[in-house]
Amino acid sequence: MEDIANTQNPDPALINTLLVLNPKTNKIEVVKTVDEKGDLKTVSNNRKNQNQFLKIDKQGDLFSNFFSNFLSQLKNPTSFNFFTSPLKESEKIGKQIENHLKHPSTEGEEFLKTYTIVTPTTITMSTNPSTEKEYQYSQDQIDWDMMSKFGLTQEKLEKANALEPMLRGFKTNGLVPISLNLGTALIRIDARLSLSTNDAGNVMINLHGIRKEPNFNFKFLGHEFTAEDRKNLMETGNMGRVVDLVNPKTDEIIPSLISRDRLTNELVAYKVENIRIPDEIKGVRLDEAQKQTLIEGKALYLEGMISTKREPFNAHVQFNADKKYVEFLFDQKQIQQQSQTHTQTEIPRSFRGKELSDEQYSQFKVGQTIYLDGLLDKKNQPYQGYITLNKENGKIDFSFQNPDKIQHKAKPTEEHTTQTAVNSEGKTNEATKHLKESLEKGQQTPKDKSQQLKQDKAQSRARKRL
């Protein structure tokens, strides 16, 4: 089977490879080819085998056509779970996929949806419609000039795996560092990004900044939160019931579900009429009563589901208005705490608009001091300095001098105390106070007979005057 990368000559940055879960070993391997009999040939996922990896162009139409052709040649395609990954990062991403498959979690579902490729089996088993490669927007519709004012480029978003979720109509999976230079003010925040269409049909960039906590004291689109509503939103992220919300532009009453973005604490509503519940979740077929339970926003307990690792498990599931799909509720209290901790302690990749290299970031995360040049002040003049992560408060300490080399004023040792007090601080020492010479290192008494004689004569004259 011929690599599409070789026939189309795409940009090397657009080269991906195809990962597959080996059902016998539960290890992620890399697809090499499909032989004449339709059997899948794979190699171990490591750098030394990269010249054998199947290379594909990750652009939308090219990839879709390639994968359809690939599946048509493969015998028993539903026996495999496929993932796509940038060629250069396949080993790292493969290990992360293995870990998330071995330890299922809500965060793992978020990660896997970025790389999972939908096959006939994953379509019926997935609770997350966003894994299907359906794009609501194209890259050409994005205002890249505006994006550059946020300190972002297409390359940066792709590298952070943030662009594809936006093109599919979702928020970025994680927080993105934003730097907005307003001339007389520079604003830096971490936020999730999404796209939407305004009344004029233009694609807008939405910033979802971090809030300390949701504001339950004010009505949300006409809805006043009860104590139970607040409790549910904080514990599970989902309010758990349908409420009538008011469209502020049209005053239309809209039955909706409300959820909390666990990364930003933003409250998000989703119309009930737009909810789509899958017929099957991880091998368990839903009846109409179960579907209605989920449409009403309630949690549903399912037994006998089959994980991607082919192991049975039980869990509560619930529709999430923020994610727009049915999610698993494992230990949501623990997940909430982890999400809040992650939000509070996330280490930024940039400082004052200057992005750290991979090497700098690795050193910075562990508390090493990093030198940065090319920083710009408010008058757009360059300057440089040193940054260190303060692990106590999670903030960044900046210094124009290397703090590792700055010597704090040392306290004199006991043997130097008299020397420092007499020579530097203007104090006197009874044993040497009549000497005119400066004391030497460690000296507390006359150092020789000559100094002792001078000290004795001066003390004798002082007694006679008394």
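Small disclaimer: the values here were computed from a predicted structure and weren't measured.

Chemist: Is there a simple way to think about the side chain of Asn 265 in this case?
Modeler: Tracing the backbone through its elements, the reader meets Asn 265 in the loop between β11 (253–260) and β12 (267–271). A polar contact is formed between the side chain of Asn 265 and the side chain of Arg 260, at a distance of 2.9 Å. What Asn 265 contacts, discounting residues up to four positions off in sequence, is Arg 211, Lys 212, Glu 213, Pro 214 and Arg 260.

Chemist: Quick question: what am I supposed to make of the environment of Gln 381 here?
Modeler: With respect to the helices and strands, Gln 381 occurs in the loop between β20 (370–376) and β21 (382–389). When neighbours within four sequence positions are excluded, Gln 381 is seen to be in contact with Leu 375 and Leu 376.

Chemist: Honestly, a nonpolar patch on the surface in this entry has me stumped. Any pointers?
Modeler: Where nonpolar side chains cluster on the molecular surface, the patch consists of Leu 182, Ile 187, Ile 189 and Leu 207 and spans about 310 Å² of accessible area. If you trace the backbone, Ile 187 turns up in strand β8 (residues 186–197). Take Ile 187: its relative accessible area is 36%, and that puts it in the partly exposed class.

Chemist: Is there a simple way to explain the packing of helix α3 (residues 90–102) against helix α4 (residues 106–115) in this structure?
Modeler: For any two helices packed against each other, the geometry comes down to the angle between their axes and how far apart the axes lie. Close contact between α3 and α4 brings their axes to 10 Å; oriented N to C, the two are set at 135°. Looking at the two axes, α3 sits oblique to α4. Of the two possible hands of crossing, α3 and α4 adopt the one that is left-handed. Across the interface between the two elements, Ile 93, Gln 96, Ile 97, His 100 and Leu 101 from α3 touch Gly 108, Phe 111, Leu 112 and Tyr 115 from α4. Its residues assigned to classes, the contact of α3 with α4 shows 6 nonpolar, 3 polar and no charged.

Chemist: What should I look at first to understand unusual backbone geometry in this one?
Modeler: Trans is the common state for peptide bonds, and a negative phi is the common state for residues other than glycine. Unusually for a residue other than glycine, Leu 221 sits at a positive phi of about 50°. Following the sequence through the fold, Leu 221 ends up in the loop between β9 (203–209) and α9 (227–235). In this structure, Lys 324 takes a positive phi of about 70° despite not being glycine. Relative to the assigned elements, Lys 324 resides in the loop between β16 (312–320) and β17 (325–329). Of the residues examined, Lys 324 reaches a relative accessible area of 30% and is grouped as partly exposed.

The rules behind the values
Residues numbered from 1 in each chain as written. Predicted model: local features only at pLDDT ≥ 70, side-chain atom pairs only at ≥ 80, totals over all residues. Heavy atoms only, no water. Helix = DSSP H or I, 4+ residues; strand = E, 2+ residues; numbered from the N terminus. Polar contact = N/O pair within 3.5 Å; in protein donor to acceptor, adjacent residues only side chain to side chain. Contact = heavy atoms within 4.5 Å. Patch = residues over 30% accessible without salt bridge, like charges linked within 9 Å, V, L, I, M, F, W, Y side chains within 5 Å. Areas by Shrake-Rupley, 256 points an atom, 1.4 Å probe, with all protein chains shown as cover. Salt bridge = Lys/Arg side-chain N within 4 Å of Asp/Glu carboxyl O. Buried < 20%, exposed > 50% of the residue type's maximum accessible area, 1.4 Å probe, protein only. Axes fitted to C-alpha atoms, helices over the stretch in contact; angles between N-to-C directions. Parallel < 35°, antiparallel > 145°, perpendicular 65-115°, else oblique. Left-handed = near helix turned anticlockwise from the far one by under 90°. Nonpolar A, V, L, I, M, F, W, Y, C, P; charged D, E, K, R; others polar.

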